[in-house]
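What follows is each chain in one-letter form.
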Amino acid sequence: MAWTWRFEKSDGTETEPALQPEEFTTQGDAESWIGEFWKELLDGGADQVTLFEDATKIYGPMSLQADQG
């Protein structure tokens, strides 16, 4: 099993990430990576991400924008 992120603009179109991630072996590793690098990804042009396990969508899109509240 491989866990991967899809990087998207706010309209859902796929975009190339500022940082190229690896394929992760666990969901926790993938989520830890996004937690560490979300700001760089946002600054690089990605607005949201979707998590996949192989070809299965797990969740998303999830915004990379910080909560404004």
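Residues numbered from 1 in each chain as written. Predicted model: local features only at pLDDT ≥ 70, side-chain atom pairs only at ≥ 80, totals over all residues. Heavy atoms only, no water.

An unreviewed UniProt entry annotates the protein as Mtc1 family protein originating from Streptomyces sp. 900116325.

Caption draft 1: Representation of the sheet that holds strand β3 (residues 56-63). Taking strand neighbours across the sheet as the criterion, the three strands line up as β1-β2-β3 in an open arrangement whose pairing is antiparallel. Both edges of this open sheet fall to β1 (3-8) and β3, since each of them pairs with a single strand only. Neighbour-to-neighbour, the strand axes of this sheet turn through a mean angle of 20°, independent of strand direction. Here β1 pairs with strand β2 (residues 48-53) via six bridges, running antiparallel. Looking at the pairing, Arg6 lines up with Thr50 of β2. Against the sheet, helix α1 (residues 27-43) touches β1, β2 and β3, its axis set at about 25° to β1. (Pairing = 2+ DSSP bridges. Helix = DSSP H or I, 4+ residues; strand = E, 2+ residues; numbered from the N terminus. Axes fitted to C-alpha atoms, helices over the stretch in contact; angles between N-to-C directions. Contact = heavy atoms within 4.5 Å.)

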